[in-house]
Amino acid sequence: MRRGLMGWNAEELPVAAIEARLARLRAAMQGAGLDAFIVYTNNTRPSAVAWLTGFTPYWSDALLLVSKSGAPVFATALSKRVSEWIRTTDPVSEIVNTPQPGKLMGERLAKDKAKRVGVLEYDMLPAGLAHDVETAAPAVEWSDGTAMFAALRREVDEPERKLLAKADAIAVAALREAESGKAKDAGTLAGLIEQSARLAGAEEAYIAVAPDLAADRRLNRTSQPTPLAERFAVRASIAYKGCWVRRSRTFATDSANADAWLDRVADSIEAGKAVAEQVAANVKALPNAKLAKYTVESCTGSYPLSALASAPASGQFLVLTVELTIDGAPWLGARPLIAGSR
Amino acid sequence: MIANERRKRLTDAMQESGLDAMLVYGNAWQGDYLRYATDFGILEGQGLAIVRGDGHVTLYVDSALEADRAALDCPGIETVLAPDLTSEVEAALNRMRNQSMGAAPQRLLPRRIAARAGELKITDETSFVDRLLMKKLDSEVAAIRKAAKLADEGYKVFMQAARVGRADYELIAESEAFFRAHGVDDNFQIIGIGGIEVKGMAPPSGKRIQAGDMVTTELTPCVDGYYAQICRTLVVGEPTAEQNGAHALWREAMEAGIATVRDGVTAADIAKAENDVFRRHGMGKYTTSEFTRVRGHGMGLFADSKPHILEDVTTRIDAGMVLIVHPNTYHPAVGYMVLGDAVAVTKTGCEVLTGTPRELFSVAG
């Protein structure tokens, strides 16, 4: 569950910015012939509702209904007592507490005589909610709105850039805990990094460690006193006000060149070109390095970060993760970037 | 090993019920069904697992990071990275279409798979798994006992962090650092700071402690997948007579609830014992849903599991269940106050798992 700092702040995310996002969604809905759009949220899939309202659930789940006009309707099974808290994170929605959010959404759609309704990630909508919505609105034609929504998320707006930058600054500072030498084991180190991130206002912090990178490149959540080897790696996945970044670093005596190389590569990523080719071309600039693996993630739907297969758009937020072998030794790093920002 | 014991119990129960396989779903919020079957504590994305009658488990996750984690944490099962989770699992289910299969929790299954439940002979077996989740093995209770000890330790850290000027999220940051260094992978925690304006607990909002504030928290560390909860209230400075009086009532109610817990009673019996204390003090109004959610709940692989302790819940309480009894609610003179202890149900009563004194704590103002 989320247990870091949560709350909407008008300076960080002005209502005008949220309304501009809603307007873009409504324009896309009109283009697709949709009368309304439904988005699901829980604390694993918070990002689309967070983008449209500012709200992230700390627990439970909810549905958001965006119609052609009017305030979005946010329906949750959380009790009415929680409404006050929801309002502190969502300045725009009509908040409805109901034991059956799906039924309420369906009834609203039926009342509005909606004919065609888009649903973000329709196939993945939880069965209980889907059943309730569809039963209450039997005349509606349902349409998967995943691609339409992803198109809206290609370019981040200014408030999102700033929130992402804040999340990244928290991650960078937190990972410096690994340089301090205070922790000799993975669990203690994870605690120090998480503590730093949460003290700086992180909404969420997932810390993963590969305590002996030479033995195993895989990173895992840990709270165990596993000794840290001479070469270890840490990943910090940090959320600030609904915006997620990842940073990974290798800690070893010879990692500085590769760290600087990753910064240069990330700063050079161009829009409209396959990231694989851009990374592969850059590996040649790092002596004795071989590319082991790379991944590119972005936020295009309800997941905070998920793998991106296509070439990035200009202004798209990405997290680039690269694994190399340099002079026979493993190295990995990850950092966020905005495509085409050089 | 606890995971193997659980899986054997699950497959034995499947055999008794005539099920060839089980399909279980999980995410970081509702992860208990998936954890029961796979022992995987999922963090990002979503997971589905198919458990076959012979004990073979295939876990499908849609995040590459989670696939790495699952392979490390659960070497005894087959892990499949399935970026298109629904399609991949649907294909597997198509290959098993002649088998009798249950699903849990059915309400959270992806819509596309649930829509084919009839055709694929998938029945809703949520309550079947709920029974396994509620009535625990000795090894499961032992894990919760460990988590309860860490809840006690964690509360000490929380109390030490509480002082004038500190923000709510800073208190939680201190608890989390302690937990990560002491074998606690996860924690459910909400908090309240202030006085009569505080109607409940929530995640941190950035509120800073002032002298005289009450600080409430529900702290729920997780050890080996099992959560144990403790609820306590502290005052920054000396408690007032009204705060002390309210706490005495809360303690009487909690202890009445705990005294009722034993094999064979119902969840309603426990709730009624707690609420009767409030009613006797003319505070019955504050036991209603306007002011409080539940009077306790189950714990285990989920921080807030069945049964909910409410006067209209007739679920039988069995030995092997683990509960928290917490008469948390609003008091008009002092604000929202909490007090709760974790208990393991036995044949003759219960074992109280948390050991923190049942005091209204005071920290320097």
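See the structure above.
Residues numbered from 1 in each chain as written. Chains lettered and ligands numbered in written order. Predicted model: local features only at pLDDT ≥ 70, side-chain atom pairs only at ≥ 80, totals over all residues. Heavy atoms only, no water.

(A) View of the overall build of chain A. Broken down by element type, chain A carries 10 helices and 14 strands. What you see for chain A is a C-alpha radius of gyration of 22 Å, in line with the 20 Å of a compact globule of 342 residues. Counting only residues that meet the buried cut, chain A has 61% of its 342 residues in that class. Pairs at least 24 residues apart make up 64% of the contacts formed inside chain A by residues separated by at least 6 positions. (Helix = DSSP H or I, 4+ residues; strand = E, 2+ residues; numbered from the N terminus. Rg over C-alpha atoms; globule rule 2.2 N^0.38 Å. Buried < 20%, exposed > 50% of the residue type's maximum accessible area, 1.4 Å probe, protein only. Contact = heavy atoms within 4.5 Å.)

(B) Spatial organisation of the interface of chain B and chain A. Each partner contributes residues to the interface: chain B has 61 residues there, and chain A has 49 residues. Between chain B and chain A lies a buried interface of about 4,700 Å² when both sides are counted; carbon and sulfur atoms form 55% of it. Taken together, chain B and chain A are joined by 6 salt bridges. Its salt-bridge partner being A:Arg3, residue B:Asp186 comes within 3.4 Å of it at the nearest N-O pair. Between the two partners, chain B and chain A, sit 23 residue pairs in polar contact (both at pLDDT 80 or more). When residues of the side of chain B that touches chain A are traced back to their parent elements, those giving at least two are helix 3 (64-73), helix 4 (85-95), helix 5 (111-114), helix 8 (168-180) and strand 7 (186-194) of chain B. In terms of residue count, helix 8 of chain B provides more of the side of chain B that touches chain A than any other element does, 9 residues in total. Within the side of chain B that touches chain A, the residues separate by chemical class into 26 nonpolar, 15 polar and 20 charged. (Buried area = accessible area lost by both parts, 1.4 Å probe. Salt bridge = Lys/Arg side-chain N within 4 Å of Asp/Glu carboxyl O. Polar contact = N/O pair within 3.5 Å; in protein donor to acceptor, adjacent residues only side chain to side chain. Nonpolar A, V, L, I, M, F, W, Y, C, P; charged D, E, K, R; others polar.)

(C) Local environment of the packing of helix 1 (residues 2-16) of chain B against helix 7 (residues 138-161) of chain B. Residue and element names in this part refer to chain B. Running from N to C, helix 1 and helix 7 cross one another at 140°; their axes reach a closest spacing of 9 Å. Taken together, the axis directions place helix 1 and helix 7 in an arrangement best described as oblique. By crossing handedness, the relation of helix 1 to helix 7 is classed as left-handed. On helix 7, the residues that touch Ile2, Glu5, Arg6 and Arg9 of helix 1 are Ser139, Glu140 and Ala143. Its residues assigned to classes, the contact of helix 1 with helix 7 comprises 2 nonpolar, 1 polar and 4 charged. (Axes fitted to C-alpha atoms, helices over the stretch in contact; angles between N-to-C directions. Parallel < 35°, antiparallel > 145°, perpendicular 65-115°, else oblique. Left-handed = near helix turned anticlockwise from the far one by under 90°.)

(D) The packing of helix 7 (residues 158-175) of chain A against helix 8 (residues 186-199) of chain A, seen in detail. Residue and element names in this part refer to chain A. Two numbers describe how helix 7 lies on helix 8: the axes approach to 8 Å, and their chain directions differ by 145°. Crossing angle aside, the handedness with which helix 7 passes helix 8 is right-handed. Where helix 7 abuts helix 8, its residues Ile170, Ala173, Ala174 and Leu175 lie against Ile193, Ser196 and Ala197.

(E) Quick look at the side chain of A:Thr53. Residue and element names in this part refer to chain A. By the secondary structure assignment, threonine 53 is in helix 2 (residues 47-53). There is a polar contact of 2.8 Å between the side chain of threonine 53 and the backbone oxygen of valine 49. At 3.0 Å, the side chain of threonine 53 forms a polar contact with the backbone nitrogen of phenylalanine 55. Once residues lying within four places of it in the same chain are set aside, the contact partners of threonine 53 are Ile18, Leu64, Thr89, Asp90, Pro91, Val92 and Ser93.

(F) Main features of the packing of aromatic side chains. As enumerated under the stated definition, the model contains 17 aromatic pairs over all chains in all. Relative to B:Phe302, the ring of A:Trp59 has its centre 5.1 Å away and its plane inclined at 20°; by these criteria the two rings are stacked. With A:Trp59 in the loop between helix 2 and strand 2 (61-67) and B:Phe302 in the loop between strand 11 (296-298) and strand 12 (305-308), this residue pair bridges two chains. Taking relative accessible area as the criterion, A:Trp59 reaches 13% and is therefore assigned buried. Where B:Tyr155 meets B:Phe158, the ring centres are 5.8 Å apart and the plane angle is 25°; that geometry is what we call stacked. With B:Tyr155 and B:Phe158 both in helix 7, this residue pair falls 3 residues apart, about one helical turn. An aromatic cluster is built from A:Phe55, A:Tyr58, A:Phe74 and A:Trp85, whose rings are joined through pairwise contacts. One Lys or Arg, A:Lys166, reaches over the ring of A:Tyr240 and ends 5.4 Å from the middle of that ring. (Phe/Tyr/Trp six-rings, centres within 6.5 Å; stacked < 30°, edge-to-face > 60°. Lys NZ or Arg CZ within 6 Å of the ring centre and 35° of its normal.)

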